[in-house]
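Architecture and fold: a report
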Amino acid sequence: QFDFVPPLAWSPIIPGMFFERIRAEYPENPEIQQRVQANVEFGADAAGQTQFTVGHGDQRLIYKNESRDRLIVLSPSSLSANSLPPYEGWPALSARFRSMLERTREVLRGAQVGAVTVRYINRIVVPVTEEATPECWFNVPYRVVGGSSSSLDSVFQRVEVTLPDGISKGVRTFASVDLQE
């Protein structure tokens, strides 16, 4: 996902111009979603009362391929390429995003990217056995409270780093989820 800083200079014709350039690959009529924005300000008024407001956020458009499992999402503040199951894998997703950028460069002219986010979700089935400790599957040691007599129920780890350019951030998250079968 590319986050634009500042947001795109948005006008009602941008979604149509964008659609014309990607229609061959994303022919379904775009879905329009209106985001909701909520704000909480603690002690904001003269009496020190908390103020809570709800309003409209920006609008985003979701462009879909014929099978509706490959998406491009455009809003004034971001542009992303997404996949729904069956997942296409990183090489195909990356190529699809690059292709879309080439075709829409003119519409996005002047856009400045302030952040790039890559979210790649992969489910790894870890067999549950007495011999399979978390260290068998992860190269970061997980110390389970209670030692080997305890069982690992879930994992959540997030690491944030500043990259060598001194500006960019890298974030990696590993987490377990409950399967909903």
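Residues numbered from 1 in each chain as written. Predicted model: local features only at pLDDT ≥ 70, side-chain atom pairs only at ≥ 80, totals over all residues. Heavy atoms only, no water.

Another point: the overall build of the protein. Each helix and strand in the protein was counted, giving three helices and eight strands. Taken from N to C terminus, the helices and strands of the protein fall in the order β-α-β-β-β-β-α-β-α-β-β. In the structure as shown, the protein presents an accessible area of about 13,200 Å², 54% of it carried by carbon and sulfur atoms. (Helix = DSSP H or I, 4+ residues; strand = E, 2+ residues; numbered from the N terminus. Areas by Shrake-Rupley, 256 points an atom, 1.4 Å probe, with all protein chains shown as cover.)

This paragraph deals with unusual backbone geometry. Here Val5 and Pro6 are connected by a cis peptide whose omega angle stands at -10°. Within the secondary structure, Pro6 sits in the loop between strand S1 (2–4) and helix H1 (14–22). Put simply, Pro85 and Pro86 share a cis peptide bond, and its omega is 0°. Its identity is not glycine, yet Arg68 carries a phi of approximately 60°, on the positive side. Looking at Arg68, the relative accessible area reads 42%, which means it is partly exposed. (Buried < 20%, exposed > 50% of the residue type's maximum accessible area, 1.4 Å probe, protein only.)

Considering all chains together, one arrives at three aromatic pairs under this definition. Centre to centre, the rings of Phe19 and Tyr63 are 5.8 Å apart; their planes meet at 25°, and the pair counts as stacked. Highlighted residues: Phe19 in helix H1 and Tyr63 in strand S3 (residues 51–64), separated in sequence by 44 residues. Of the two residues, Phe19 and Tyr63, both sit in the buried class. One aromatic cluster in this structure is built from Phe18, Phe19 and Tyr63. (Phe/Tyr/Trp six-rings, centres within 6.5 Å; stacked < 30°, edge-to-face > 60°.)

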